[in-house]
Amino acid sequence: MPRYQFLQVDVFTDIPFGGNPLAVFPDASGLTGEQMQQLALECNTSETTFVLPPETPGADFRVRIFTPTTEIPFAGHPLVGTHWALAHLARVALREPVTEDNFNYLSKMCLLRMRTAAFTMAGMAKARGCTV
């Protein structure tokens, strides 16, 4: 059975177990939508994101977002938390003064622009990681 790494990130806080928790699977290649839904239920955070290779020209990543009960097309804190997690794992190249990446959510493209300082300052509590 394949193994998948995931991080739990506390979004919009610098206090562990504070803010808005988010589970992020930084490489969900090979998971079916049904498996993603089961993992989101098991993680039991308000949202769980699954990062996949892009399918849309110009996208850097494809991201699917699941609540414990359904897939949703878009949400703000999962976008910010996933971008931060990918930077934490060195999957996003940080550029001064603003880091930009294109995320594809279902059929929509989203350009995320974050001040590069936000990736290095206490904007998120330390990520906790596991493998399933």
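Preceding this section is the structure that the text describes.
Since the structure is predicted, the reported quantities are computational estimates derived from the model, not experimental observations. (Residues numbered from 1 in each chain as written. Predicted model: local features only at pLDDT ≥ 70, side-chain atom pairs only at ≥ 80, totals over all residues. Heavy atoms only, no water.)

### Side note on the pattern of salt bridges
(1) Moving on: As enumerated under the stated definition, the model contains two salt bridges in all.
(2) Moving on: Arg 62 is paired through a salt bridge with Glu 55; the nearest N and O atoms lie 3.4 Å apart.
(3) Moving on: Of the residues examined, Arg 62 reaches a relative accessible area of 18% and is grouped as buried.
(4) Moving on: A salt bridge links Glu 71 to Arg 64; the shortest N-O distance between them is 2.8 Å.
(5) Moving on: The class of Glu 71 is partly exposed, set by a relative accessible area of 24%.
(6) Moving on: Of the residues examined, Arg 64 reaches a relative accessible area of 16% and is grouped as buried. (Salt bridge = Lys/Arg side-chain N within 4 Å of Asp/Glu carboxyl O. Buried < 20%, exposed > 50% of the residue type's maximum accessible area, 1.4 Å probe, protein only.)

### So, unusual backbone geometry
The bulk of non-glycine residues show a negative phi, and the bulk of peptide bonds are trans.
(1) Moving on: Located in the positive-phi region is Asn 44, a residue other than glycine, with phi close to 60°.
(2) Moving on: Position of Asn 44 among the secondary structure elements: in the loop between helix H1 (33-43) and strand E3 (47-52). (Helix = DSSP H or I, 4+ residues; strand = E, 2+ residues; numbered from the N terminus.)

### Describing the side chain of Thr 49
(1) Moving on: Position of Thr 49 among the secondary structure elements: in strand E3.
(2) Moving on: Judged by its relative accessible area of 0%, Thr 49 falls in the buried class.
(3) Moving on: In terms of polar contacts, Thr 49 uses its side chain to reach the side chain of Thr 82, at 2.8 Å. (Polar contact = N/O pair within 3.5 Å; in protein donor to acceptor, adjacent residues only side chain to side chain.)

### Focus on the packing of aromatic side chains
(1) Moving on: Under the counting rule described, the total for this entry stands at three aromatic pairs.
(2) Moving on: With centroids separated by 4.8 Å and ring planes inclined at 20°, the aromatic side chains of Phe 25 and Phe 50 adopt a geometry described as stacked. Of the two residues, Phe 25 is situated in strand E2 (residues 20-25) and Phe 50 in strand E3; the sequence distance between them amounts to 25 residues. As far as the burial class goes, Phe 25 and Phe 50 line up, both buried. (Phe/Tyr/Trp six-rings, centres within 6.5 Å; stacked < 30°, edge-to-face > 60°.)

### Details of the pairing of E2
Sheet faces and side chains relate simply in a regular strand, where the side chains alternate between the two faces.
(1) Moving on: As paired strands, strand E1 (residues 5-11) and E2 are joined by five bridges and run antiparallel to one another. Of the residues in E2, the one forming a bridge with Val 9 is Leu 22.
(2) Moving on: Of the strand pairs in this sheet, E2 and E3 are connected by four bridges, and their pairing is parallel. Following the sheet pairing, Phe 25 is matched in E3 by Phe 50.
(3) Moving on: You can see the chain leave E2, run along H1 and come back into E3, and the turn it takes is right-handed. (Pairing = 2+ DSSP bridges. Right-handed = clockwise from strand over helix to strand, strands pointing away.)

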